[in-house]
Amino acid sequence: MAAAWLVIALLYLAGGALLVPPLLLIATAALLRGGRTVLDRLMLATGLLLGLTCLAALVFAVWPWGLHPVTAGGTAATALIVAAAKTGRRPRLPRPGATDAIAGLAVAAVGAVVAWPLLRDGRPGRLALVMEGEDLARHASLFDAIRHAGGYLFQQPEQGRALVYEGMVTYPQGEHLTAALLDGFVRSSATAQGTGAAMFDHYLVFVAGGYLLLAATIIWAAQWIGAGGLSPARMIPLAGGIAALCAFGELLDLVRFGYPSQVLGLAEAVMLLTVLIRPVPRPRQQLLLVAALLAAVGFTYYLYLPPVGLAAILWLMRERRRARAQRIPAAALAIAVTSAVPLAIGVLVAGQAGALLSVGTLRVGREGLAVLFCLVASGLLTGRGRRSRIWRSYALIFVPVAGFAVGMLAVQRLFGAGSGYYANKALFLVLALLLAGTGALALHLPRRPRTVINLRAASVLMAIVALVGGDRPDQLESRTTWLAGAGVDQFAYARAALALTPGRPTVVVGDDPGYESYRLTLFISALQRTSGEMAGATYHVGPINSPDRLDAVIARMPGPVRLLVLSDDARTRAEALRRRHPSTSIEIVTA
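Just so you know, these numbers come straight off a predicted model, no measurement behind them.

Participant: Could you give an account of the packing of helix α26 (residues 515-528) against helix α27 (residues 531-538), with specific residues and numbers?
Facilitator: At their nearest, the axes of α26 and α27 sit 9 Å apart, and the two run at 155° to each other. For the element pair α26 / α27, the angle class is roughly antiparallel. Helix-helix and strand crossings are classified by hand; for α26 and α27 the assignment is right-handed. The segment α26 lies against α27, with Tyr 518, Thr 521, Leu 522, Ser 525 and Ala 526 engaging Ser 531, Met 534 and Thr 538.

Below you can see the structure in the form of structure tokens.
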């Protein structure tokens, strides 16, 4: 233990703390058992560490060291050493194989599609590209605030309200906490946060990394569930088809519109469902994985906790009957119960249940879901599929996931209006689980394949999957925009936002009906680190397109304000606004 702490401290002092997280991941994977490939071990270790990090973070806001890389890394290393001593296990990893390489290449291809537009046009291009959705501004502010506060904001609400909009203080923060903790290792510093623009660059790395983890999780899940019928030759088209859908399908909308919490929560939920469908062979390790992943989902994106929690209960009932009342370790039970803490805070304290009937533009294509469902079901209905315990488990686990989404859609239809925002988010979990089940297509192929024939057959089937991803023409055009880059206006707005010097809180005045100016104001407040200061004048100030909104915003500003005008007409309106509020110190600047 002393040696582990010394190594971590020396890496921190030498500016190399970035090496600590991958070393801890490899060490965890080496101590776990189960799985035949390196990818299996790494994914199981990732799920375990994500859940335990979310739980350990409850201590970070209480102990005096916050998110310090040395204390966090040293504590994790100590836990691994104790676990190794208690179990008597020696570190051991499987040998890398062909399926590891196939999955790695597929994820790398997705990474190229996601990262290239973010790298191609520099900092202004990155900011312009991700400004399509307003949510990312709030997520970046929350990430920055957790880094500053040293732990969950719901444990320190007064400080949280000073840093971000009050609604984000009770928002599930597992993704932001994990990113903030890793950022300390990246910077080799417990306190350095850089400029607002640098902070945003760092957060975009974690956003892109979360999406790559989602792609890797779905590819791994398809391999883990369908392992019995998937040779390396069959894995090539399977991984390629899933990678194509991750790179160009509807899942990419989660990055474009700025939903990093949902992305990571989706990856964690798929990991959990995967180990419920095909458990690891050691019961106590399986229970610990299930409990840790429940905690990860609950702390990261608790919308998915009800369906995956019900799936876990169904699995437990089935396994207890089969194993004749296998005793559940108290630690696993405590972790599982703790996973509901953010859900309880959000629903009972913050009243977030009322948002479930919100409407929005995010939508999952029903046609693509129907085609994927039919393709997977065709494999499950074969003789081999009906006889397979794994595929029968898949069908059982699919029921609560699909049932939850259908129930959300039904409630939206009865009591809401328009396209259900959260109902469609629930459908994304159905989509991911269907993609993880596409290995069922191999059940149509002979057990002992003639490689060339089976490769062609599987390639055709996966090409069908890739071509029927549920895209509508408008969605396909918008994803092409991701690769093409942001428009001229967005570039201009991004450059103006980055050129502002820190100082007064800034409100944007444009010629649009209101939403574009509001969205740019959110991103500027994140870059200027004034989200908490401006929250009272940004949210709940009447309709965004109201002609009286700017006057209400200025009236609610706590002090001096800067108006960023985007045109000559906007400057005229800003001058008139300043005359109407002579008691407020208003500075007008031009983009």
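Participant: Kindly report on the packing of helix α7 (residues 135-149) against α26, identifying the contributing residues and their values.
Facilitator: Two measures define how a pair of helices packs: the angle their axes make with one another and the distance between the axes. Relative to each other, α7 and α26 sit at 15°, their axes nearing to 9 Å. Put simply, α7 runs roughly parallel to α26. In the packing of α7 onto α26, the handedness of the crossing is left-handed. Two secondary-structure elements touch here, α7 through Leu 136, Ala 137, Arg 138 and Ser 141 and α26 through Tyr 518, Leu 522, Phe 523 and Ala 526.

Participant: A description of the sheet that holds strand β3 (residues 586-590) should follow, citing residues and the corresponding values.
Facilitator: Pairing within the open sheet is parallel, and its 3 strands lie in the order β1-β2-β3. Each having just a single partner strand, β1 (506-509) and β3 make up the two edges of the open sheet. The average angle at which neighbouring strand axes cross in this sheet is 25°, direction not considered. Examined bridge by bridge, β1 and strand β2 (residues 561-565) share 4 bridges and lie parallel to one another. In the sheet register, Val 508 faces β2, and the bridge partner there is Leu 564.

Participant: Any details on helix α21 (residues 389-415)? Residues and values, ideally.
Facilitator: For α21, which comprises 27 residues, the first-to-last C-alpha distance of 40 Å matches the rise-based estimate of 39 Å (1.5 Å per residue) to within 8%. Along α21, the largest kink reaches about 25° and is centred on Phe 398; proline Pro 400 follows within four residues of it. Regarding α21, the residues found buried are Trp 391, Ser 393, Tyr 394, Ile 397, Phe 398, Pro 400, Val 401, Ala 402, Ala 405, Met 408 and Gln 412. The N-cap of α21, judged by a side-chain oxygen 3.3 Å from the amide nitrogen of Ile 390 a few residues on, is Ser 388.

Participant: How would you sum up the confidence of the model for the chain? Please name residues and give values.
Facilitator: Per-residue confidence for the chain gives a mean pLDDT of 89, with 93% of residues at or over 70. Per-residue pLDDT stays below 50 along residues 468-472; that stretch engages in 15 contacts with residues further than four places along the chain or on separate chains.

Participant: Break down a nonpolar patch on the surface for me, citing the residues and quoting the values.
Facilitator: On the surface, a cluster of nonpolar side chains totalling about 480 Å² of accessible area is made up of Leu 356, Leu 357, Val 411, Leu 414 and Phe 415. Owing to a relative accessible area of 64%, Phe 415 belongs among the exposed residues under this scheme.

Participant: Explain the packing of aromatic side chains to me, and be specific about the residues and the numbers.
Facilitator: Using the criterion set out here, one finds 16 aromatic pairs in the structure. Centroid distance Trp 63 to Trp 65: 5.3 Å. Interplanar angle 80°. Geometry classified as edge-to-face. On the accessibility criterion, Trp 65 (48% relative accessible area) is partly exposed. Clustering of aromatic rings is evident, with ring pairs tying together Phe 373, Trp 391, Tyr 394 and Phe 398. Its end group placed over the ring of Phe 257, Arg 256 keeps NZ or CZ at 4.5 Å from the ring centre.

Participant: Summarise the side chain of Asp 144; cite the residues concerned and give the values.
Facilitator: The residue Asp 144 is located in helix α7 in this model. Aside from chain neighbours lying at most four places away, what touches Asp 144 is Gln 193, Met 199 and Arg 529.

Participant: Which residues make up the side chain of Thr 46, and what values do they have?
Facilitator: Within the secondary structure layout, Thr 46 lies in helix α3 (residues 38-60). The residues contacting Thr 46, other than those within four sequence positions of it, are Leu 25, Leu 213 and Met 271.

Participant: Describe the pairing of β3, naming the residues involved and giving the relevant values.
Facilitator: Taken residue by residue, a regular strand's side chains alternate between the two faces of the sheet. In the sheet, β2 pairs with β3 via 5 bridges, with the strands oriented parallel. Each bridged residue has a counterpart across the sheet, and for Leu 564 the counterpart in β3 is Val 589. You can see the chain leave β2, run along helix α29 (residues 568-580) and come back into β3, and the turn it takes is right-handed.

So, how was this worked out
- Within each chain, residue numbers correspond to sequence positions counted from 1 in written order.
- Under the rules for a predicted model, residues below a pLDDT of 70 receive no local features and side-chain atom pairs below 80 are neither given nor counted, while totals for whole chains, interfaces and linings still include all residues.
- Note that the side-chain values use all heavy atoms of the structure and ignore hydrogens as well as water.
- Helix axes are fitted only over the stretch in contact, all axes being lines through C-alpha atoms; the angle between N-to-C directions runs from 0 to 180 degrees.
- Each helix corresponds to a stretch of at least 4 residues labelled H or I by DSSP, and each strand to a stretch of at least 2 residues labelled E; elements are numbered beginning at the N terminus.
- Any angle that falls under 35 degrees is termed roughly parallel, while one over 145 is termed roughly antiparallel, one within 65 to 115 roughly perpendicular, and all others oblique.
- Crossing handedness is read from the near helix: turned anticlockwise from the far helix by less than a right angle, it gives a left-handed crossing, and turned clockwise, a right-handed one.
- What makes two residues a contact is simply this: any of their non-hydrogen atoms within 4.5 Å.
- Two strands qualify as a pair provided that DSSP identifies no fewer than 2 bridges between them.
- A helix is expected to span 1.5 Å multiplied by its residue count minus one.
- For a residue, the bend is simply the angle between two axes, fitted respectively to the seven-residue segment ending there and the seven-residue segment starting there.
- Burial here depends on accessible area, computed with a 1.4 Å probe over protein chains only, as a share of the maximum for the residue type. Under 20% is buried, over 50% is exposed, and the range in between is partly exposed.
- Whenever two N or O atoms come within 3.5 Å, that pair is a polar contact, provided that in protein one can donate a hydrogen and the other can accept it, and provided that, for residues adjacent in sequence, both atoms are side-chain atoms.
- Every residue carries a pLDDT, the predictor's confidence in it, which falls somewhere between 0 and 100.
- Patch membership requires more than 30% relative accessible area and the absence of a salt bridge. Residues of like charge join within 9 Å; the nonpolar side chains Val, Leu, Ile, Met, Phe, Trp and Tyr join within 5 Å.
- Values of accessible area rely on a 1.4 Å probe in the Shrake-Rupley scheme; residue burial ignores everything except the protein chains shown.
- Salt-bridge detection follows one rule: a side-chain nitrogen of Lys or Arg within 4 Å of a carboxyl oxygen of Asp or Glu.
- Aromatic contacts are taken between Phe, Tyr and Trp rings whose centres are within 6.5 Å, Trp giving its six-membered ring; a plane angle under 30 degrees counts as stacked, one over 60 as edge-to-face, and the others as tilted.
- We count a charge as sitting over a ring when the NZ of a lysine or the CZ of an arginine lies within 6 Å of the ring centre and within 35 degrees of the ring normal.
- Orienting the strands away from the viewer, one traces the path from the first strand over the helix to the second; a clockwise path indicates a right-handed crossover.

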